[in-house]
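Residue-level structural notes
One-letter residues, chain by chain:
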Amino acid sequence: MKKTVLTLAVASAAALPSIALAMSAQEAVNVMAQNHYVAPHDMQKQYGYWTAEAVSNDGVRATVLVNDANGSFTAVRPGAVGTTLPSVERVAQQVRAAGYSFVYDVELDDGFWQAKARQSVTNREKVEFVLHPVTLEVLSQVGRSGGTVNGQPVLSADQVLAALQHAGYTRVRGIEYEDGYWEAEATNTANLAVELRVDAVTGAVLREQLDD
């Protein structure tokens, strides 16, 4: 999973695009310290939360989350699934309650629950969910037809294709939603094969690199 790493002195761009920061990185670190977690590293901003790997005063490593809007704190400790954290089956039930009959690949990753789902036998579009580790609030729900992240609408794969073509890219292919971004392969205006990272909300190209 690719991450945008931040130093503690800099409140940089969000790991998920187009989501304004309400707290600085240092303010998030202060909240972590107030909750007895120190030495945070790999800080990033995603799904409306500052996240980091940190160590509690009793020496336990955990992934910690600070809500960017209200400063609430959550620690995700290893081995807590089914005790202080919901079970895998409870997460699957939450996704099924949203109208998805087939739920699979449920896992706790980087502090958030992630799952893939399909609505039915006839509607087989894969939708990727991200849920809060404790409350199971749906933070992201995106498929090829679009979706939402933190309540913001996300472009569909067809809209991303149109945006890239409008920007001058040709032979656009392999459009996939990954870790908060749309990614694709294409040929740029210099006739070079490139890999693209695209803002999921605006369709702007955030990164272009040669396709090896």
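Everything numeric in this text was worked out from a predicted model, so none of it was measured.

The next point concerns the sheet that holds strand β4 (residues 73–76). Within the open sheet, the four strands sit side by side as β1-β2-β3-β4. Their pairing is antiparallel. The open sheet has two free edges, formed respectively by β1 (37–46) and β4, since each of these has just one partner strand. Shown here is a sheet whose adjacent strand axes are inclined to one another by a mean of 25°, direction ignored. By the bridge criterion, four bridges tie strand β3 (residues 61–67) to β4 in an arrangement that is antiparallel. Pairing of leucine 65 across the sheet is with threonine 74, part of β4. This element, helix α1 (residues 25–34), spans β1, β2 (49–56), β3 and β4 of the sheet and lies at about 135° to β1.

In this structure the tally under the stated criterion is five aromatic pairs. A ring pair is formed by tyrosine 47 and phenylalanine 112, whose centres lie 5.2 Å apart and whose planes are at 75°; its orientation type is edge-to-face. With a gap of 65 residues between them, tyrosine 47 in the loop between β1 and β2 and phenylalanine 112 in strand β6 (residues 112–118) connect regions that are remote in the sequence. Accessibility expressed as a relative area gives 1% for phenylalanine 112, which makes it buried. Seen from their ring centres, tyrosine 100 and phenylalanine 129 are 5.1 Å apart, and the 85° between their planes marks the pair as edge-to-face.

Note: strands within a sheet are paired through backbone hydrogen bonds, in either parallel or antiparallel orientation. If you walk across this open sheet you meet the four strands as β11-β12-β13-β14, and the pairing is antiparallel. Either end of the sheet is taken by a strand with one partner, and the two such strands are β11 (170–178) and β14 (205–210). Averaged over all neighbouring strand pairs, the angle between strand axes comes to 20°, with direction disregarded. In this structure, strand β12 (residues 181–187) lies alongside strand β13 (residues 193–199), joined through seven bridges in antiparallel fashion. When the sheet's bridge partners are listed, tyrosine 181 is paired in β13 with aspartate 199. The strands touched by helix α3 (residues 157–166) are β11, β12, β13 and β14; relative to β11, the strand with the most contacts, the crossing angle is about 140°.

Assignment of secondary structure puts threonine 51 in strand β2. The residues touching threonine 51, leaving out its near neighbours within four places in the chain, are Asp42, Met43, Gln44, Gln46, Val64, Leu65 and Phe112.

Unlike most non-glycine residues, aspartate 42 shows phi in positive territory, near 55°. Position of aspartate 42 relative to the elements: it lies in strand β1. For aspartate 105, which is not glycine, the phi torsion reads 55° and is therefore positive. Looking at the secondary structure, you find aspartate 105 in strand β5 (residues 102–109). Looking at aspartate 105, the relative accessible area reads 46%, which means it is partly exposed.

Each value, and the rule that gives it
Residues numbered from 1 in each chain as written. Predicted model: local features only at pLDDT ≥ 70, side-chain atom pairs only at ≥ 80, totals over all residues. Heavy atoms only, no water. Pairing = 2+ DSSP bridges. Helix = DSSP H or I, 4+ residues; strand = E, 2+ residues; numbered from the N terminus. Axes fitted to C-alpha atoms, helices over the stretch in contact; angles between N-to-C directions. Contact = heavy atoms within 4.5 Å. Phe/Tyr/Trp six-rings, centres within 6.5 Å; stacked < 30°, edge-to-face > 60°. Buried < 20%, exposed > 50% of the residue type's maximum accessible area, 1.4 Å probe, protein only.

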